[in-house]
Amino acid sequence: MPALTLSLKDADQEGWLASPAVADLDRDNAQEIIIGRAGRLVVYRPDGSVKWSVQVPSRIWASPVVGDFAGDANLEVVIGAADKVYMYNAAGMSLSGFPVTWTGEVRSLAAGDLDGDGKLEIVAATTKPSSSSAPRDLIMAWRGNGQAQSGFPPNTSGTSGCNAMCYVTGGYDQNLAVGPIDGDASWDIFASQDNAYMSWHKGSGVAFDANPIFRNRTKVPGIRFMLNYAEAQQGYGNNESTSNQAHFTNTGPAIADLDGDGDSELIALGSVQNAAQSDRLRGVALFVFNADGTRPEPWVEPYHVPEYRAGLWDFDGTNIVGATNQVAIGDLDPAVAGLDMVFAGFDGKIHLVGADKRERWAYTFTTANNVLTDGVVLADVSGDGVVEVIFATYSTQQNASALHIVDATGRLQHRVALPRRGSMATPTVADVDGDGTLEIIVNLKDAEPGVHSALVYNVPSSAGNCVQWGTGRGGLLRNGTFRKAP
């Protein structure tokens, strides 16, 4: 049973969707806990005392990115607030060249080696595209020194090869994955956005070519993602009132080799609406794509969960937002071929779907219309060598939320009540105190000044050697990429 061991105190700032980070920033053999909230980044020692903190002029929506961007002995922390991206060293000092400015609100941050030189780049996506007319840009990338990465922004610079048939707009919720799509040394960018289209670009900024089966579309950002594959190829629904299409406003995409053939697949969980957009409450659909926008077998039609309870819309006037449509990748049953995808639908359930497109279980976490979850993590907290599914819920209602631990077969193991309105952020699982067992860190929606803004639970039965998807967007680079350990 998870046991509360630390209450991390802060002022009264709200939490948004920033999943905690746990890392030894200054390499002193003690982990730090990094928490992003509204207007404040706080770094705690393992005993819960504040090591350093910084103020920023707006909320920190996206999870802090932690990596070696400066090329020194320590790690850096990167955050987004309003239209700016900030970088801090292990002592909390702003690095030269930062902040850098993009456009709109930066709600999506990730990192990866875009040019294959062994150094990390920072990638951001915005709620507001860079221009009012095509071509326009959703994504931007910078080197670790704050200089623009060559080829970015990809569309307005002319690098991407996109034309007026690339339908780019903004993204509202952790809409980035960065990883190996085409198999070369450089990593690529997969971005979802607020329409029925998505963008993926090589690390150079060049947009991936669309397969010729997609009529009059030369680049992937021009493909309209209808659920029916034939309609996606022609670019429109045969009956727009009944044909279904995806909408990727809040989609957190992923990159993984699902079937073990050596090639990456692109995975996206989107909300479903009719093509006329007059009925948007058609559940969610889990898509799997190849690099050219085609769909591998058995994913020619996506996995559709049509039931709708809640999650598409924000709860007006509450600062409680709709659900993040993201998927966690792992291997919950090694006896079953391929990787597994775990996600929350709009139906109050967590679903596990295998690489073969077969749902193996669904766990009901709520029957209420005001309880949601941001996403799940996958780690072995029972000590049996098999990962559990761990997630937190949030609600407009006081004291209706909880931390859930579900086993690999979909059975509830533990439910721990969370205070006030719960947590809109994906929890993080890590060994905070170095004792060999795992902690679960929950960034709460509501701070209680002097009492808590985040909670740390120890799981005595756990072992730290089996964490597959341990934090929001998978890892501390927040890049939504899963690579199975050999």
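A quick note: this is a predicted structure, and the numbers were derived from the prediction, not measured. (Residues numbered from 1 in each chain as written. Predicted model: local features only at pLDDT ≥ 70, side-chain atom pairs only at ≥ 80, totals over all residues. Heavy atoms only, no water.)

Draft legend 1. Quick look at empty space enclosed by the protein. According to the stated counting rule, one finds three cavities of 30 Å³ or more in the structure shown. Its volume calculated, the largest cavity comes out at about 50 Å³. Counted by class, the lining of the largest cavity contains four nonpolar, four polar and three charged residues. Lining the second largest cavity we find Arg 309, Ala 310, Gly 345, Phe 346, Asp 347, Gly 348, Phe 365, Thr 366, Ala 368, Val 371 and Leu 372. Within the lining of the second largest cavity, the residues separate by chemical class into six nonpolar, three polar and two charged. (1 Å grid on protein atoms, 1.4 Å probe; cavity = no way out; pocket = protein on both sides within 12 Å on 5 of 7 lines; lining within 4 Å. Points joined across faces, edges and corners; volume = space filled by probe spheres on them. Nonpolar A, V, L, I, M, F, W, Y, C, P; charged D, E, K, R; others polar.)

Draft legend 2. How the structure looks around the side chain of Thr 169. Following the sequence through the fold, Thr 169 ends up in the loop between strand 11 (139-142) and strand 12 (176-179). Sequence-distant contacts of Thr 169, that is, excluding residues within four places in its chain, are made with Pro 129, Arg 136, Leu 138, Gln 193, Asp 194 and Asn 195. (Helix = DSSP H or I, 4+ residues; strand = E, 2+ residues; numbered from the N terminus. Contact = heavy atoms within 4.5 Å.)

Draft legend 3. Here's a closer look at unusual backbone geometry. For the peptide bond that leads from Phe 152 to Pro 153, omega is -5°, which places it in the cis range. Structurally, Pro 153 can be placed in the loop between strand 11 and strand 12. Look at the link from Glu 297 to Pro 298: it is a cis peptide, with omega at 5°. By the element assignment, Pro 298 lies in the loop between strand 19 (284-289) and strand 20 (303-305).

Draft legend 4. Focus on the sheet that holds strand 28 (residues 412-418). The strand order across the open sheet formed by five strands is 28-27-26-25-32, and the pairing between neighbours is antiparallel. The outermost strands of the open sheet, each flanked by one partner alone, are strand 28 and strand 32 (467-469). In this sheet, neighbouring strand axes are inclined to one another by 25° on average, regardless of whether the strands run parallel or antiparallel. Sheet topology note: the strand 26 (residues 388-395)/strand 27 (residues 401-406) ladder contains four bridges and is antiparallel. Bridging across to strand 27, Phe 391 finds its partner in His 404. (Pairing = 2+ DSSP bridges. Axes fitted to C-alpha atoms, helices over the stretch in contact; angles between N-to-C directions.)

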